[in-house]
There are 2 protein chains.
Amino acid sequence: MGTLGAWTVDGIPEITAGDDLAAIIAEAMAAAEQGPLADGDIVAVTSKIVSKAEGRQVEAADREDAITAETVRVVATKEHPGGVTRIVENRLGLVLAAAGVDSSNTPEGLVLLLPVDPDASARAICAALRERFGVRIGVVVTDTLGRPWRLGQTDVAIGAAGLRVLDDLRGTTDASGRRLEATIAAVADEIAATADLVKGKSSGLPVAVIRGLGHLVGDLDEPGARAIIRSAADDLFRLGSDEAYAEGFRDGQSSPTE
Amino acid sequence: MGTLGAWTVDGIPEITAGDDLAAIIAEAMAAAEQGPLADGDIVAVTSKIVSKAEGRQVEAADREDAITAETVRVVATKEHPGGVTRIVENRLGLVLAAAGVDSSNTPEGLVLLLPVDPDASARAICAALRERFGVRIGVVVTDTLGRPWRLGQTDVAIGAAGLRVLDDLRGTTDASGRRLEATIAAVADEIAATADLVKGKSSGLPVAVIRGLGHLVGDLDEPGARAIIRSAADDLFRLGSDEAYAEGFRDGQSSPTE
């Protein structure tokens, strides 16, 4: 039988630029009623407090410029009463709205960029927590993303360390002994989703612990969340439908059927 | 502080056509060491056993025809050594590979179609479990889907009853009292992801219970998972990039610049 437990960590103060996030999280955990971390635990940290600790805030007035600076390429655009939302591939390879530049849970007049290198941030937090508590744990840094075809947003892992982010089950067999078809479980994203459920959105609880997934915990140098990114070249949806149509239309015009 | 617990339900036998799935799940739960269901619990059931109970098996030889029959429109196609995979919108509005027709965990020589109406299946199971145990619970029927831009698959809710599938937080304020930007948490999908983590893929454990999300549990007639579907008209990625480009190219050819 499988069992899983998840809880939020109380007592994380408002994070500001320069804070030692790992030390702050460790302090809060040391005081947690669930007790310290155990081998196999996975700690989920919202990217927001990682960004705040890294001082990734910019003036809200510079929001559009900040989005442009974080953007590698525009994937699609959507016009709405408020203006135009850009769905872009950002410098981390993530495809998301506004390049992940965030205006909620930020001090008035400021917006927040994503962490510089969420995998490195996760590794630093993971190493510090492993040493502090003498345990073998994993860390995911989470963000909230929309998705095609389905309404609503889910949390995914944009940074990870010390765990297997993709669980390749293709070699394994199913209950009737047959080999499973292509099944690679995006477990780091499912862990982020679980953390989102227990944390909630506006509760001011940016850290959660998930216990019961020790089989996914590995060495500190396991590939990070970057390994979850599908390259645009391999992506059937690398470009929005309207943008791809327009590109084709232009090319078609210049090579007319006589 | 938020807390969440999830566990799999042992003792679910191999399901065959005509089985009373709700009764079988209830029996297994009555014998579960965690005890019976409590108010606010959410039960996650893999679509596979719902399909088996509904006798949704067809001859593997007819797989391609079955995919065609389940397809409303082809969204994209991908060629690979094994042949061509069709990413389609199926009759449930889901965009997924092979219309959800599944060849793993099925008896030799057979493939499995998705349930006829997963929301109705979830409602029936939810109603039966509520009556059997005298509790207010929710049910999600889950399936494993790939996604653009990110590798690996995650479980999502393709059927739901008795819970809020989308948690609209747009009215709420963040920790600093500012209104949250457009945030609608796809909680039913995050619940499915949590269930997938605790169930695993090939463990033969098709049912899980998630405890700690009672605030999401509601009346039996809450909108089902169909409410999570984004209509193609509103979708920036309604068509694969190559398919949209080809469409544009054809139209461009027939309207050349003078």
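Residues numbered from 1 in each chain as written. Chains lettered and ligands numbered in written order. Predicted model: local features only at pLDDT ≥ 70, side-chain atom pairs only at ≥ 80, totals over all residues. Heavy atoms only, no water.

Quick notes on helix H6 (residues 241-253) of chain B
Here is step 1: End to end, H6 of chain B covers 18 Å across 13 residues, agreeing with the expected 18 Å (1.5 Å per residue, within 8%).
Here is step 2: Of the surrounding elements, those touching the buried residues of H6 of chain B are helix H6 (241-253) of chain A. (Helix = DSSP H or I, 4+ residues; strand = E, 2+ residues; numbered from the N terminus. Expected span 1.5 Å × (residues − 1). Contact = heavy atoms within 4.5 Å.)

Details of the interface of chain B and chain A
Here is step 1: Residue-level contacts link 90 residues of chain B with 90 residues of chain A.
Here is step 2: Inspection of the region where chain B meets chain A yields 6 salt bridges.
Here is step 3: Of the charged contacts, one joins Asp189 of chain B and Arg147 of chain A as a salt bridge, the two residues approaching to 2.6 Å between their closest N and O atoms.
Here is step 4: Seen at the junction of chain B and chain A, the total is 45 residue pairs in polar contact (both at pLDDT 80 or more).
Here is step 5: Those elements that provide at least two residues to the side of chain B that touches chain A are strand E1 (3-8), strand E4 (71-80), strand E9 (150-161), strand E11 (184-185), helix H5 (187-199) and H6 of chain B.
Here is step 6: Of all the elements, H6 of chain B adds the most residues to the side of chain B that touches chain A, at 10 residues.
Here is step 7: Considering only residue class, the side of chain B that touches chain A consists of 40 nonpolar, 27 polar and 23 charged.
Here is step 8: Across 5 bridges, the pairing between strand E1 (residues 3-8) of chain A and E1 of chain B is antiparallel. Residue Leu4 of chain A lies in a different strand from E1 of chain B, and its bridge partner there is Ala6 of chain B. (Salt bridge = Lys/Arg side-chain N within 4 Å of Asp/Glu carboxyl O. Polar contact = N/O pair within 3.5 Å; in protein donor to acceptor, adjacent residues only side chain to side chain. Nonpolar A, V, L, I, M, F, W, Y, C, P; charged D, E, K, R; others polar. Pairing = 2+ DSSP bridges.)

As for the sheet that holds E4 of chain B
All names here are of chain B.
Here is step 1: Judged by pairing direction, the sheet is antiparallel, and its 3 strands sit side by side in the order E4-E5-E6 without closing on themselves. Bordering the open sheet on either side are E4 and strand E6 (95-97), each of which pairs with just one other strand. Looking at each pair of strands side by side, their axes are set apart by 25° on average, direction ignored.
Here is step 2: By the bridge criterion, 3 bridges tie strand E5 (residues 83-90) to E6 in an arrangement that is antiparallel. Paired with Ile87 across the bridge in E6 is Ala97. (Axes fitted to C-alpha atoms, helices over the stretch in contact; angles between N-to-C directions.)

Let's talk about the pattern of salt bridges
Here is step 1: Counted by the stated rule, this structure contains 28 salt bridges over all chains.
Here is step 2: One salt bridge in this structure joins Asp242 of chain B and Arg238 of chain A, with 2.3 Å as the shortest N-O distance. Within this pair, whereas Asp242 of chain B is found in helix H6, its partner Arg238 of chain A is found in the loop between strand E12 (207-211) and H6, the two belonging to separate chains.
Here is step 3: Taken together, the salt bridges that share partners define one network made up of Arg56, Glu70 and Arg91 of chain A.

Overview of the packing of helix H5 (residues 187-199) of chain A against H5 of chain B
Here is step 1: Two numbers describe how H5 of chain A lies on H5 of chain B: the axes approach to 8 Å, and their chain directions differ by 120°. If you check the angle between H5 of chain A and H5 of chain B, you find them oblique. Helix-helix and strand crossings are classified by hand; for H5 of chain A and H5 of chain B the assignment is left-handed. On H5 of chain B, the residues that touch Val187, Glu190, Ile191, Ala193, Thr194, Asp196 and Leu197 of chain A of H5 of chain A are Val187, Glu190, Ile191, Ala193, Thr194, Asp196 and Leu197 of chain B.
Here is step 2: Its residues assigned to classes, the contact of H5 of chain A with H5 of chain B comprises 8 nonpolar, 2 polar and 4 charged. (Parallel < 35°, antiparallel > 145°, perpendicular 65-115°, else oblique. Left-handed = near helix turned anticlockwise from the far one by under 90°.)

Observations regarding the relation of the copies chain B and chain A
Each of the two copies of the chain can be brought onto the other by a rotation about an axis and a shift along it.
Here is step 1: Laying chain B over chain A is done by rotating through 180° and shifting 0.0 Å along the axis; what remains is an RMSD of 0.0 Å. The transformation relating the two chain copies, once decomposed into turn and shift, fits a two-fold axis.
Here is step 2: By residue overlap, the copies meet face to face through one surface: 100% of the interface positions of chain B are interface positions in chain A. (Least-squares fit on C-alpha atoms with pLDDT ≥ 70 in both.)

Keep in mind that these numbers describe shape and distance, not what the molecule does.
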